[in-house]
Amino acid sequence: MNDYTLLTDDQLVSLYVSGQDNAFDVLLERYKNRLYNYILYIVHKEDTADDLFQETFVKAIVTLRNGNYRADGKFYAWLTRIAHNLLIDHFRDGQAENFMTDEMAGMSIFDSIQVSDACKESEIVSEQTLEDVRRLIEHLPESQKEVVKMRYYQDLSFKEIADLKGISINTALGRMHYAINNMRKMAKEHGLFSRE
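Residues numbered from 1 in each chain as written. Predicted model: local features only at pLDDT ≥ 70, side-chain atom pairs only at ≥ 80, totals over all residues. Heavy atoms only, no water.

Asks: Please give an account of the packing of aromatic side chains that cites residues and values.
Replies: Going through the model one piece at a time under the given rule, you end up with nine aromatic pairs. Centre to centre, the rings of Phe-24 and Phe-57 are 5.9 Å apart; their planes meet at 80°, and the pair counts as edge-to-face. Pair noted here: Phe-24 is in helix H2 (residues 21–43) and Phe-57 is in helix H3 (residues 46–65), with a separation of 33 residues, a long-range link. We classify Phe-24 as buried; its relative accessible area is 5%. Given a relative accessible area of 5%, Phe-57 falls into the buried group. (Phe/Tyr/Trp six-rings, centres within 6.5 Å; stacked < 30°, edge-to-face > 60°. Helix = DSSP H or I, 4+ residues; strand = E, 2+ residues; numbered from the N terminus. Buried < 20%, exposed > 50% of the residue type's maximum accessible area, 1.4 Å probe, protein only.)

Written out as structure tokens, the structure is:
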């Protein structure tokens, strides 16, 4: 009669590995919305997001059952890394061809960075575009610049950024929001990234 919801991720993983399947159900419930939204944000197609979401959890289950997960209190980061790798494969294999041609025109600067980050070997974003983005980042207020660099260049989560900077997660998210808006405004003023 344990209340699994009170347990940490690593405790739930241990229970699942020891044969208590209900423990994994709690992990799934805990992170399914967040992970699905992350995947959907990148692919913009619900059916593709559904497939990648399910594949992520299948891969997680197989890894856990094989005893290849190291408990370090970062279960969600580990799940996100699995999803990230599947997204890279998805884009690299050309499965996202329709997404690339139909949706790219309406994407923001950071959507483009997200895609290029997920598909490093592609030529979606040219070197010149990346240089323009770097220059825009340098013109941001220091607090916003730090959050952008930590998120996109150091691949830190907003929780990690908040902890390192001694601020709340909401403050970190707010700084990122203002940074993106400021960069969009600067890009528009300078005629960057127009796709006309």
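Asks: Now, about the confidence of the model for the protein: what can you tell me, with residues and values included?
Replies: For any part of a model where pLDDT is low, the fine detail of the predicted coordinates should not be relied upon. Mean pLDDT over the protein stands at 77; residues scoring 70 or higher make up 77%. When mean pLDDT is taken per element in the protein, helix H1 (residues 9–17) scores highest with 91 and helix H5 (residues 97–103) scores lowest with 42. Within the model, the stretch residues 96–113 combines pLDDT values under 50 with 37 contacts to residues more than four positions away or in other chains. (pLDDT = per-residue confidence, 0-100. Contact = heavy atoms within 4.5 Å.)

Asks: Before we move on, can you summarise the nonpolar core with the specific residues and values?
Replies: Leu-35, Tyr-38, Ile-39, Leu-64, Phe-75 and Leu-87 are the most contacted members of the largest nonpolar core, which has 32 residues in total. Those elements that place two or more of their residues in this core are H1, H2, H3 and helix H4 (75–92). Residues Leu-156, Ile-167, Ala-172 and Ile-180 belong to the second largest nonpolar core, which totals 18 residues. (Core = buried A, V, L, I, M, F, W, Y, C linked by side-chain atoms within 4.5 Å.)

Asks: Outline the pattern of salt bridges, listing residues and values.
Replies: Counted by the stated rule, this structure contains eight salt bridges. Lys-74 serves as the salt-bridge partner of Glu-160, at 3.9 Å between the closest nitrogen and oxygen. Note that Glu-160 is positioned in helix H9 (residues 158–165) and Lys-74 in the loop between H3 and H4, a separation of 86 residues in sequence. Of the residues examined, Glu-160 reaches a relative accessible area of 26% and is grouped as partly exposed. Residue classification places Lys-74 among the partly exposed positions, given a relative accessible area of 44%. Asp-163 is the partner of Lys-159 in a salt bridge, and the nearest nitrogen-oxygen pair spans 3.0 Å. Highlighted residues: Lys-159 and Asp-163, both in helix H9, separated by four residues, approximately one helical turn. For Lys-159, a relative accessible area of 47% gives the class partly exposed. (Salt bridge = Lys/Arg side-chain N within 4 Å of Asp/Glu carboxyl O.)

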